[in-house]
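Residue-level listing of the chains:
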Amino acid sequence: MSKKKKKEKESTIENYYDLRTKEVDELVAALKGDTPETDEPVSYNIEECIGAEAANQGEETVYKKQSKEFDPYKIDKLSRIPTWIKALFVKFWFAGVVCYFVIMGLGRVVPNDLDRLLLAGAFLGLFTDLFVNPLFRFMESSEKEYNNYMMFPFPFKKYWTFFTNIIYYIAVTVIVMYIYSGINQLLVIIFERYEGYVSLGVEPLIYGVFCLIVDMAFIGIKDLIVYLVKRAKSKKKEAEDV
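Residues numbered from 1 in each chain as written. Predicted model: local features only at pLDDT ≥ 70, side-chain atom pairs only at ≥ 80, totals over all residues. Heavy atoms only, no water.

Below, the discussion takes up the overall build of the protein chain. Across its full length, the protein chain holds 9 helices and 0 strands. Out of the 242 residues in the protein chain, the part that is buried amounts to 23%. Taking as baseline every contact in the protein chain between residues at least 6 positions apart, the subset at least 24 positions apart corresponds to 61%. Accessible surface, the protein chain: about 18700 Å² in total, of which carbon and sulfur atoms supply 63%. (Helix = DSSP H or I, 4+ residues; strand = E, 2+ residues; numbered from the N terminus. Buried < 20%, exposed > 50% of the residue type's maximum accessible area, 1.4 Å probe, protein only. Contact = heavy atoms within 4.5 Å. Areas by Shrake-Rupley, 256 points an atom, 1.4 Å probe, with all protein chains shown as cover.)

If you want it as structure tokens, here you go:
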């Protein structure tokens, strides 16, 4: 860059930051009413400027807007719902969705029942890792209260949970199918004397309930083991300190 261009650029920057005193003086004079157009002082009374009725309506509008302002400390309706209700409903809903779209929806595409069973478990594990657990992380507080409703309560960076969730929920789905089979065999024994056949069909609501029961049973066992291990470690540490 030549010295001439550099000098012109520096002078331009200096002029850019110069205070426009003339414009400021004109603005102050206009607010004071000292402009040459009028000798009357400028009134700052809103009733004189826009009228008393319009001013009163404006005050009511401002009051309504202030009353509807966002309060960051206000507890919303979703936060008032207990944690266990939200957690169980989310898990039940996703299990029902998998049943509707995979087990029932892919009946013609995947005619084999065992294949659909494995596919449903894989999709349920996939949804749990990608949607359910992240949703729990989003809703939880610093107390990590949703950890008791996740089989693998680890952060998102633990990529191995993607595969463990799929394997785990395939096992859950297999157990659910055994529950269906056991109930249907029991119904055959009960209604055999009536020369009829009654069976419990697979549909989203009952399937979601069975998946929820099996899932929470395994998670309860896991939470119990974790609690016992932590308790044993704390007792061992207290004994060493003594």
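What follows is about the nonpolar core. Core analysis: the biggest nonpolar cluster contains 19 residues, and Ala120, Leu124, Tyr168, Val172, Val176, Tyr207 and Cys211 have the highest contact counts within it. Mapped by element, the contributors of at least two residues to this core are α6 (83-104), α7 (113-139), α8 (160-191) and α9 (204-241). With 8 residues, the next largest nonpolar core counts Ala87, Val90, Phe136 and Tyr146 among its residues. (Core = buried A, V, L, I, M, F, W, Y, C linked by side-chain atoms within 4.5 Å.)

Here we come to the side chain of Glu140. Of note, Glu140 is situated in the loop between α7 and α8. With a relative accessible area of 13%, Glu140 lands in the buried category. Only 3.2 Å separates the side chain of Glu140 from the side chain of Lys144, close enough to count as a polar contact. Residues contacting Glu140, with those up to four places away along its chain left out, are Glu145, Tyr146 and Asn147. (Polar contact = N/O pair within 3.5 Å; in protein donor to acceptor, adjacent residues only side chain to side chain.)

Packing of α6 against α7 leaves a shortest axis separation of 9 Å and a crossing angle of 145°. α7 is crossed by α6, and the crossing has right-handed handedness. Note on element contacts: α7 touches α6 through Arg116, Leu119, Ala120, Phe123, Leu124, Phe127, Phe131, Val132, Leu135 and Phe136, opposite Ala87, Val90, Lys91, Phe94, Ala95, Val98, Val102 and Ile103. Considered class by class, the residues forming the contact of α6 with α7 number 16 nonpolar, no polar and 2 charged. (Axes fitted to C-alpha atoms, helices over the stretch in contact; angles between N-to-C directions. Left-handed = near helix turned anticlockwise from the far one by under 90°. Nonpolar A, V, L, I, M, F, W, Y, C, P; charged D, E, K, R; others polar.)

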